[in-house]
Amino acid sequence: MAGNLIEIEDARRLVLAAVSPLAGEAVELGPAALGRVLAEEIRAGEPVPAFDGSAMDGFAVRSADLEGASSARPVALRVVDESRAGAPAKRALGEGEAIAISTGAVVPEGADAIVPVEDTRRQDKRIEVGALAAAGEHIRRAGDDVRAGQAVMQPGIALGPAELGVLGSLGRGRALCARRPRVAVLVTGDELLAPEEPQRPGGVRDSSSLSIPALAQCAGAEVVHTSIIRDDADATRAAIAASLGSADVTVICGGVSVGAHDHVRPALRALGAEEVFWGLALKPGRPAWFGTTGDALVFGLPGNPVSAMVTFVLLVRPALCAMLGAREGHGRALAVIECDYVKEPGRAHAVRCRLSARMDGWHAEPTGPQGSHILTSMLGADALAIVPSQTAGVRAGERVEIEPLWRSALVPP
């Protein structure tokens, strides 16, 4: 592996070349649709708003009737009807007349302006208006927001609160969304302890079976199962075989190196998996493996919890996004690094950083010690700063590429 390490960008291209987009399925709108990826173009079947409506509580009038009106010489109009939200006026407006109107109510036929209630004085069935009203004033026109037939959303966007609200405003109760990728997570190691299991000599508390499924869910996947595999060749092969039969993507943490107890790669070979690459020019994350079995993808991530999280973000998450047909919401940006970072040339470094927005853009500050065994380096981290493999590091004040860690669009300030 030492002489055949692949650059992370080349590895990502190979991963994406192996991805097949998933089919769409109808999804009922509501909380369960939040975060789903749209798989169809949405066009408006009707205008929004559907009618000319009032932007104010007040009176619908004819602007011509108010020519010359002022506080000193108010114009008197007869109030002949009312238009309420959901209950339009029953008659059209005539000369010298006004119709009381609520915010959001239909503008009556014959009216071309709304006079706010505070600009009027009412006496029984008459009002006095002491101000001019221009034609169109305080009226929201039909189609101001969306025209009938207009394309409103394109495939590949994630449904957030605004998208769900807009779909509802268009009269849509469901939408075609990409099926969520099914992901199986296997974590290997005799040393692993459950969080509440009593400590034993050499025991290491398992964290990857919590963090990796969470990352998969954040990327829009459905985690079909998570399990811990002991360092046994037969058990490893059986667990991987079961996952390959139930998941679109199998993620295996640990066991992908060349030690006497690393059984993952031999098991994958025995199961007919085709190796695409093994070994990244990346720290942390060097002993990463990627391959395919039919249309299913298999990722062998390092057993180190930090390395597993980093390689998931850089390799697995882009694959899940591509399977969903999602527009990349984790695109790279540039940030000013806040301190010197020194390394040996030969491998890129993924530096866990906090981000802050300044007048000149993003600034990235490492979260502290960057050892691959220091899981708390992920606490408070917003992004990975990618220090290229051919360099000996970067100086404070230089700009570096950053990749956001979590599922949120990263837009330069």
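Residues numbered from 1 in each chain as written. Predicted model: local features only at pLDDT ≥ 70, side-chain atom pairs only at ≥ 80, totals over all residues. Heavy atoms only, no water.

Q: I'd like a rundown of the packing of helix α1 (residues 8-17) against helix α6 (residues 305-324), residues and numbers included.
A: For the pair α1 and α6, interaxial distance at closest approach is 9 Å and the crossing angle is 30 degrees. One finds that α1 runs roughly parallel with respect to α6. Regarding α1 and α6, the two cross each other, and that crossing is right-handed. For the pair formed by α1 and α6, the contact residues are Ile-8, Ala-11, Arg-12, Val-15 and Leu-16 on the first element and Leu-314, Leu-315, Pro-318, Ala-319 and Ala-322 on the second. (Axes fitted to C-alpha atoms, helices over the stretch in contact; angles between N-to-C directions. Helix = DSSP H or I, 4+ residues; strand = E, 2+ residues; numbered from the N terminus. Parallel < 35°, antiparallel > 145°, perpendicular 65-115°, else oblique. Left-handed = near helix turned anticlockwise from the far one by under 90°. Contact = heavy atoms within 4.5 Å.)

Q: Pulling in residues and values, what's your account of the environment of Glu-344?
A: Along the chain, the position of Glu-344 falls in the loop between β23 (341-342) and β24 (348-358). Separated by 48 residues in the primary sequence, Glu-344 and Ala-392 place their C-alpha atoms 5.2 Å from one another.

Q: Requested: an account of the sheet that holds strand β8 (residues 120-123), with residues and values cited.
A: What the six strands build is an open sheet, ordered β7-β4-β6-β5-β9-β8; its pairing is mixed. On the outer flanks of this sheet lie β7 (113-116) and β8, each paired with one strand and no other. Across the sheet, the axes of successive neighbouring strands diverge by a mean angle of 40 degrees, strand direction being ignored. With five bridges connecting them, strand β5 (residues 75-83) and strand β6 (residues 97-101) associate as parallel partners. When the bridges of β6 are listed, Ser-83 appears paired with Ile-101. (Pairing = 2+ DSSP bridges.)

Q: Could you give an account of a negative patch on the surface, with specific residues and numbers?
A: Residues Asp-57, Glu-118, Asp-119 and Glu-137 make up a contiguous surface patch of negative charge. For Glu-137, the position within the fold is in the loop between β9 (126-129) and β10 (139-140). Judged by relative accessible area, which is 31%, Glu-137 ranks as partly exposed. (Patch = residues over 30% accessible without salt bridge, like charges linked within 9 Å, V, L, I, M, F, W, Y side chains within 5 Å. Areas by Shrake-Rupley, 256 points an atom, 1.4 Å probe, with all protein chains shown as cover. Salt bridge = Lys/Arg side-chain N within 4 Å of Asp/Glu carboxyl O. Lys, Arg positive; Asp, Glu negative; His and termini not counted. Charge placed at Lys NZ, Arg CZ, Asp CG, Glu CD. Buried < 20%, exposed > 50% of the residue type's maximum accessible area, 1.4 Å probe, protein only.)

Q: Lay out the sheet that holds strand β20 (residues 289-293) in plain terms, naming residues and giving numbers.
A: Across the sheet, six strands lie side by side as β16-β13-β17-β21-β20-β18; this open sheet has mixed pairing. Of all strands in the sheet, those with a lone pairing partner are β16 (222-229) and β18 (274-278), marking the two edges. Averaged over all adjacent pairs, the angle separating strand axes in this sheet is 15 degrees, with direction ignored. The strands touched by α6 are β13 (182-188), β17 (249-253), β18 and β21 (296-301); relative to β21, the strand with the most contacts, the crossing angle is about 170 degrees.

Q: Please set out the nonpolar core residue by residue, giving values where relevant.
A: Core analysis: the biggest nonpolar cluster contains 45 residues, and Ile-212, Val-249, Val-251, Leu-280, Phe-299, Phe-312 and Leu-320 have the highest contact counts within it. Only α1, β13, α3 (208-218), β17, β21, α6, β24 and β26 (383-387) provide two or more residues apiece to this core. Sorting elements by how many residues they give to this core places α6 first, with twelve residues. Ignoring any residue separated from it by four or fewer positions in sequence, one finds Leu-320 in contact with Pro-181, Val-183, Ala-216, Ala-219, Ala-221, Val-249 and Phe-312. (Core = buried A, V, L, I, M, F, W, Y, C linked by side-chain atoms within 4.5 Å.)

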